[in-house]
Amino acid sequence: MKVLFFCHRFNSLSQRLYCELTQSGHEVSIELDVHPELMIEAVDLYKPDLVIAPFLKRKVPEEVWKNYLTLIIHPGPAGDRGPSALDWAILKDFKQWGVTLLEASSEYDAGDIWACRTFPMRFARKSSIYRNEVTEGAVECVFEAIENLSIGKIKKEPQKHGVWNPPMEQELRKIDWWKDTTQEILKKIHASDSQPGSLATFKDEEYYLFNAYPESYLKGKAGSILAVRDEALCVGTTDGAVWITHMRKKEKGSIKLPAVRVIPHLLDGVREEPLKPWEKVDAETYREIIYKEEKGIGYITFNFYNGAMSTEQCERLLETLKYAKKRHIKALVLLGHEDFFSNGMNLNTIEEAESPPDESWRNINAMDDVCEEILRTEDKLTVAGMQGNAGAGGVFLALTCDLVFAREGVVLNPHYKNIGNLYGSEFWTYTLPKRVGWEKGKEIMENRMPISSGMAFKIGLIDGVFGKTPAEFRERLKAWLNEFVSSPDYEEFIKKKRTDRIKEELKKPLSAYREEELEKMRLNFYGFDTSYHIARYYFVKRILPFRTPPYLAIHRRLNFKA
């Protein structure tokens, strides 16, 4: 079946659907909703069997849905209508929510229902629920509809009791430090992630807040900044305190940054409350990196917002790795976080730096330091447990481990080209050919489209795929590791690992791979070709393209034949 996607952005849900459909034998082309006339032109060029809109911010033109079956994914249960579906669900504290596949019509979200799924609501950020429960439900809905279409069975129901919920205004998201409880503040910030953020005031200055966590030990005056940790702020509330990790100024063109970088002028006299990843604490608090040991295995969880790793975050992760390597453990496991494993360098902190080329250089070297520390772990098994999605350098961070496992449904983007044709580092020229060979490796790096964890396993990029949910994935990973490190196979594995590393180092040292990669990256950062800096600027500022890139749109490629 030929399927055309209409997307505002090729986001996580769109990428997951793309992977699932193409793996099932369908052909998928993508058109961004740049302009209604271009959307009409896209269907005329492609003549799809089905149009799907996973993520839109404009109406599908009537000329499209009247001539082609067009199904829209709405992140709400049957009957819910409006653009702020998840926002309202979180703010109103609904216990059940859902996702619905609707037929496009003249009214927003009012078309016939083709499929729907419901799920229990977690108390979590909007983006997390979207990437997990909504995405899983949407995939099931789309495949149910396609299955029915394939057997000629049109199974749809008209909406009977649709309720329109308007866009959520900032007045409802805005934080009142002197009135809102900790729970109410968390709900507002969760409901406003990743856009538009919750407006809050610090000393008569307004900022948008993102990514909040409760604090049960520190207390102080509501609205006052009590402490900082790992570039996050702890702010007093009426009944406790909350940690805020990211903020942006209330001004046009501002970008999200670690909170401490946004308001350094307001932090005089504010104390640092450091907490090492391996320290045990009883209080509920914010921890960016956590190190735990279970049955002789060390687990590192790193919760970097949106998977982006700044220079300083890499340095903190490196410190944790060095600590763990000194412990009497048999295996060291990198778990990332449930939403993202890693997306590599932090483009926002680079963009905001006084010298973006210099900060790019610092950031990639800090990433390489982490990767090299893992690669030079000779007396322990190293494992990457990819609970969440990964892109660019984050994929190759995982590949520095001896074994790489991923959850079912995880989406990988093992390439750098989408950010200004970056060459990439993280020792990919060493780890990728070892796994798939140079020819396949080149194909992977040239491909600018996502691949599923299942496909990554099939082509030999990773070592295993299991678990529907992050919790199930962690449970099965731990069970396998406990059994493996207790078996004779473990000692043989470590012995072979040491021998192979010595041979490979003599053939070509790791330092040579790093130097060669960084020489190419230096040209990306400091050379005459400014495409990396332009692409980074467009990405960070969320500037939409004026047309759909050809690598997304089969129907717009020069070699396309109608």
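Fair warning: this is a prediction, and the values are worked out from it, not measured in the lab.

Considerations on the packing of aromatic side chains
Then, in step 1: Summed over the entire model, instances satisfying the criterion amount to 25 aromatic pairs.
Then, in step 2: Ring geometry for Y430 and Y513: centres 5.1 Å apart, planes at 50°, overall tilted. Taken together, the residues span a long stretch of sequence, with Y430 in helix α13 (residues 428-446) and Y513 in helix α17 (residues 510-526) at a distance of 83 residues.
Then, in step 3: By relative accessible area, which is 7% here, Y430 ends up buried.
Then, in step 4: By way of ring pairs, the aromatic residues F405, F466, F473, W480, F484, Y490 and F493 are connected into one cluster.
Then, in step 5: Geometry around Y513 places K508 over its ring, the cationic atom sitting 4.2 Å from the centre.
Then, in step 6: It is R522 that lies over the ring of W361; its NZ or CZ is 4.3 Å from the centre.

Digging into the pairing of strand β17 (residues 297-302)
Two faces belong to every sheet, and in a regular strand the side chains alternate between them.
Then, in step 1: Most of β17 is tucked away: 5 of the 6 residues are buried.
Then, in step 2: Relative to β17, strand β16 (residues 289-294) runs antiparallel, the two sharing 6 bridges. Bridge pairing in β17 places I290 opposite T301.
Then, in step 3: The turn linking β16 back onto β17 is made up of 2 residues, and K295 within it adopts a positive phi angle of 55°.
Then, in step 4: In this structure, β17 lies alongside strand β18 (residues 331-336), joined through 5 bridges in parallel fashion.

Some remarks on the sheet that holds strand β20 (residues 381-386)
Then, in step 1: Strand order in this open sheet of 6 strands is β16-β17-β18-β20-β22-β25, and the pairing throughout is mixed. Sheet topology places β16 and β25 (464-465) at the edges, where each strand pairs with a single neighbour.
Then, in step 2: Pairing of β18 with β20, which is carried by 4 bridges, proceeds in the parallel orientation. Bridged to A331 within β20 is L381.
Then, in step 3: This element, helix α15 (residues 470-485), spans β16, β17, β18, β20 and β22 (403-406) of the sheet and lies at about 165° to β20.

Describing a nonpolar patch on the surface
Then, in step 1: On the surface, I534, Y537, Y538 and I543 cluster together to form a nonpolar patch covering roughly 360 Å² of accessible area.
Then, in step 2: Take I543: it is sitting in the segment after α18 (531-540).

So, the pairing of strand β12 (residues 232-237)
Then, in step 1: Most of β12 sits out of view: 6 of its 6 residues are buried.
Then, in step 2: Along β12, one buried face is formed by A232, C234 and G236 and the opposite face, lined by L233, V235 and T237, is buried too.
Then, in step 3: Bridging between strand β11 (residues 225-229) and β12 involves 4 bridges; their strand directions are antiparallel. Paired with R229 across the strands is A232, a residue of β12.
Then, in step 4: Hairpin geometry of β11 and β12 is characterised by an intervening segment of 2 residues between the two adjacent antiparallel strands and by a positive phi of about 50° at D230.
Then, in step 5: Hairpin geometry of β12 and strand β13 (residues 240-249) is characterised by an intervening segment of 2 residues between the two adjacent antiparallel strands.

Quick look at the environment of V43
Then, in step 1: Mapped onto the elements of the fold, V43 is located in helix α2 (residues 36-46).
Then, in step 2: Residue classification places V43 among the buried positions, given a relative accessible area of 1%.
Then, in step 3: When the C-alpha atoms of V43 and I154 are compared, they prove to be 22 Å apart, with 111 residues separating the residues in sequence.
Then, in step 4: Those residues in contact with V43, other than ones at most four positions away along the chain, are L4, F6, P48, V51, V64 and Y68.

Reading the values: rules and limits
- In this convention, every chain numbers its residues from 1, walking through the sequence in written order.
- Reporting of local features is limited, given that this is a predicted model, to residues whose pLDDT is at least 70; pairs of side-chain atoms are given and counted only at 80 or more, and all residues count toward the totals for whole chains, interfaces and linings.
- Based on all heavy atoms of the structure, the side-chain values leave hydrogens and waters out of the count.
- A pair of Phe, Tyr and Trp rings is counted when the ring centres sit within 6.5 Å of each other, with Trp represented by its six-membered ring. The angle between the planes then sorts it: under 30 degrees is stacked, over 60 is edge-to-face, the rest tilted.
- A run of H or I in DSSP becomes a helix once it reaches four residues, and a run of E becomes a strand once it reaches two; helices and strands are each numbered from the N terminus.
- Think of it in three bands: with a 1.4 Å probe and only protein chains considered, a residue is buried below 20% of the maximum accessible area for its type, exposed above 50%, and partly exposed in between.
- Any Lys NZ or Arg CZ that is within 6 Å of a ring centre and within 35 degrees of that ring's normal is treated as a charge sitting over the ring.
- A pair of strands is considered paired only if DSSP assigns at least 2 bridges between the two.
- We call two residues contacting when some pair of their heavy atoms lies within 4.5 Å.
- Where helices are involved, their axes are fitted lines through C-alpha atoms of the stretch in contact, as for all axes, and angles between N-to-C directions lie from 0 to 180°.
- Here a patch means residues that are over 30% exposed by relative accessible area and free of salt bridges, tied together within 9 Å if like-charged and within 5 Å if nonpolar (Val, Leu, Ile, Met, Phe, Trp, Tyr).
- Residue exposure ignores everything except the shown protein chains as possible cover, and the areas themselves are Shrake-Rupley values with a 1.4 Å probe.
- For this document, the term salt bridge refers to a Lys or Arg side-chain nitrogen within 4 Å of an Asp or Glu carboxyl oxygen.

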